[in-house]
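Each chain, written out:
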Amino acid sequence: MVQQLNYLKETPSQTAGPYVHIGLTPNFCGIGGVYQADLGSHMVNEQTKGQRITITGRVIDGAGAPLRDALVEIWQADAAGLYNSPTEIRGSADANFSGWGRCATGAEDGVFTFETVKPGVVPYSSDRQMAPHISFWIVARGINVGLQTRMYFPDEAEANAVDPLLARIEHRHRVATLVATGAAPNYIFDIHLQGEKETVFLDI
Amino acid sequence: MTDRTNGKPETGAFFPRDRQWHAPALTPGYKTSVLRSPQKALLSLDGTISEITGPVFGHSVIGELDNDLIHNFARAGESAIGERIIVHGRVLDERGRAVPGALLEFWQANAGGRYRHKKESYLAPLDPNFGGCGRTITDDEGFYAFRTIKPGPYPWPNGVNDWRPAHIHFSVFGHGFAQRLITQMYFEGDPMIWKCPIVNTIPDRQAIEQLIAPLDWANTIPFDARAYKFDIVLRGRRSTLFENRLEGN
Ligand SMILES: [Fe+3]
């Protein structure tokens, strides 16, 4: 016999279901008066430093239809490349930037929108950096475990070319699934759950 | 607020998710997953600073009644109809350490199994005093508690006669964005758990049992509310002892 490791098992994920908005964006789905505002609906204020950008997109299923009952969260560094998190040990992030946003996809058009700032580069290791990117997390009815992915910027070709995560994508045509389209300040990032254009999802 | 060793925040990468323990993406018994499940392999990478960091929420975002679903939507002096219960437990990580400052958000159907939602068409009535959402933040030792009514089971369009067992949906924020988790809590002794196609997306029976809250008789409040205990485990993270990835570690 050897000693026991005694690790616990992670609580299994279950789908967010069709009514995720009741819990996470109650004001959006008409349950007013419980919370003042839906968390994550504002990422920036007038004092936030950096270049203002808008990201819009859709989450598209295997039949080509946008999900109208999904919920998308994003997490990113500030304009200087610092995360607004206690785990950020390199310095203090912009106090006027949360770095985190949450948006339900539109009940009619399936579109999500984030008003944010363009993130700076962040380190990968002591001698490598990652291209500016935004982490995405997608939940919805029919998705058993929340999907993680990243959005990179189309106007950062040079940085993207040496990004350590993008470099690991074996089928090079799939790199494009993580790069937004459009141009500053209005980027478009559609997420494809299946098919030809299936987005690269991450186990990270 | 943050988990610390020797006063420093922990910055190790999270343990890889055990994908055999979780449901696979494609689970045809749960029909909606068929067109919404990625079909290609996930790209695996050890966590970077973008995943080991995450937003934290101060207690200032939490309102006084946010952890009381019996009253947070009810008219003054009234309360939601149903079996009064307390749901409480601890948020831990895979190493068994408490996760303090974790934001928990929950939502559920009313006692009759009806959600307050435009798309909901079940014939059970709405309760005018029940909204169905609540939230709280774990204390320094990872403990949380909230009060609600026991949700009813409800039918849903999947098979001809599929019903959801009584359940409460949970969303959890730990300390890193890679710990982000949404799950559902079930109630001990409910025979419908094992008939549910959504429950059965999880292949391992022990994993399913991790979602079933036992009746906690010791913590039941006489003449008021029964208690159910639901502990939640988030991904653990490596010690930072021998990390050499980021300056300052
Ligand atoms: Fe439900």
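Parameters and conventions
Residues numbered from 1 in each chain as written. Chains lettered and ligands numbered in written order. Predicted model: local features only at pLDDT ≥ 70, side-chain atom pairs only at ≥ 80, totals over all residues. Heavy atoms only, no water. Helix = DSSP H or I, 4+ residues; strand = E, 2+ residues; numbered from the N terminus. Rg over C-alpha atoms; globule rule 2.2 N^0.38 Å. Contact = heavy atoms within 4.5 Å. Areas by Shrake-Rupley, 256 points an atom, 1.4 Å probe, with all protein chains shown as cover. Lys, Arg positive; Asp, Glu negative; His and termini not counted. Charge placed at Lys NZ, Arg CZ, Asp CG, Glu CD. Buried < 20%, exposed > 50% of the residue type's maximum accessible area, 1.4 Å probe, protein only. Core = buried A, V, L, I, M, F, W, Y, C linked by side-chain atoms within 4.5 Å. Pairing = 2+ DSSP bridges. Salt bridge = Lys/Arg side-chain N within 4 Å of Asp/Glu carboxyl O.

Caption draft 1: Summary view of the overall build of chain B. Per the secondary structure count, chain B includes three helices and 14 strands. Taking 18 Å as the expected radius of gyration for a compact globule of 249 residues, we find that chain B reaches 19 Å, a close match to that expectation. With the C-alpha coordinates aligned to their principal axes, the bounding extent of chain B is approximately 60 × 45 × 35 Å. A sequence separation of at least 24 residues applies to 71% of the contacts in chain B between residues at least 6 apart. If you sum the accessible surface of chain B, you get close to 10,600 Å²; carbon and sulfur atoms cover 56% of it. Counting 29 positive and 28 negative side-chain charges, chain B places the averaged centre of each group 6 Å from the other.

Caption draft 2: Local environment of the pairing of strand E3 (residues 100-104) of chain A. Of all five residues in E3(A), five are buried, a share of seventy percent or more. Side chains of E3(A) alternate between two faces, with Trp100(A), Arg102(A) and Ala104(A) and Gly101(A) and Cys103(A) buried alike.

Caption draft 3: A look at the nonpolar core. Of all hydrophobic cores here, the largest spans 48 residues; its most connected members are Ile22(A), Leu165(A), Trp107(B) and Ile182(B). When contributions to this core are tallied by element, the ones reaching two or more residues are helix H1 (20-24), strand E2 (71-75), E3, strand E5 (122-125), strand E7 (133-139) and helix H3 (164-167) of chain A together with strand E5 (103-107) and strand E6 (133-137) of chain B. For this core, the leading source of residues is H1(A), giving three residues. Grouped together as the second largest cluster of nonpolar side chains are 40 residues, Tyr30(B), Trp156(B), Met185(B) and Phe187(B) included.

Caption draft 4: Just the sheet that holds strand E10 (residues 167-173) of chain B, in detail. All names here are of chain B. Spatial strand order, E6-E5-E10-E11-E12: five strands in an open sheet with mixed pairing. The sheet is open, and its two borders are formed by E6 and strand E12 (212-213), each paired with just one other strand. Judged from the six bridges that link them, E10 and strand E11 (residues 181-187) form a sheet pairing that is antiparallel. Looking at E11, one finds that isoleucine 168 is bridged to methionine 185.

Caption draft 5: Quick look at the pattern of salt bridges. Residues and elements named next belong to chain A. Applying the stated rule across the entire model yields 22 salt bridges over all chains. Of the charged contacts in the structure, one is a salt bridge between arginine 58 and aspartate 190, with a shortest N-O distance of 3.1 Å. One end of the pair, arginine 58, is in strand E1 (residues 52-60); the other, aspartate 190, is in the loop between strand E10 (186-188) and strand E11 (191-192), with 132 residues separating them in the sequence. Residue classification places arginine 58 among the partly exposed residues on the basis of a relative accessible area of 32%. Among the residues examined, aspartate 190 registers a relative accessible area of 22% and is labelled partly exposed.

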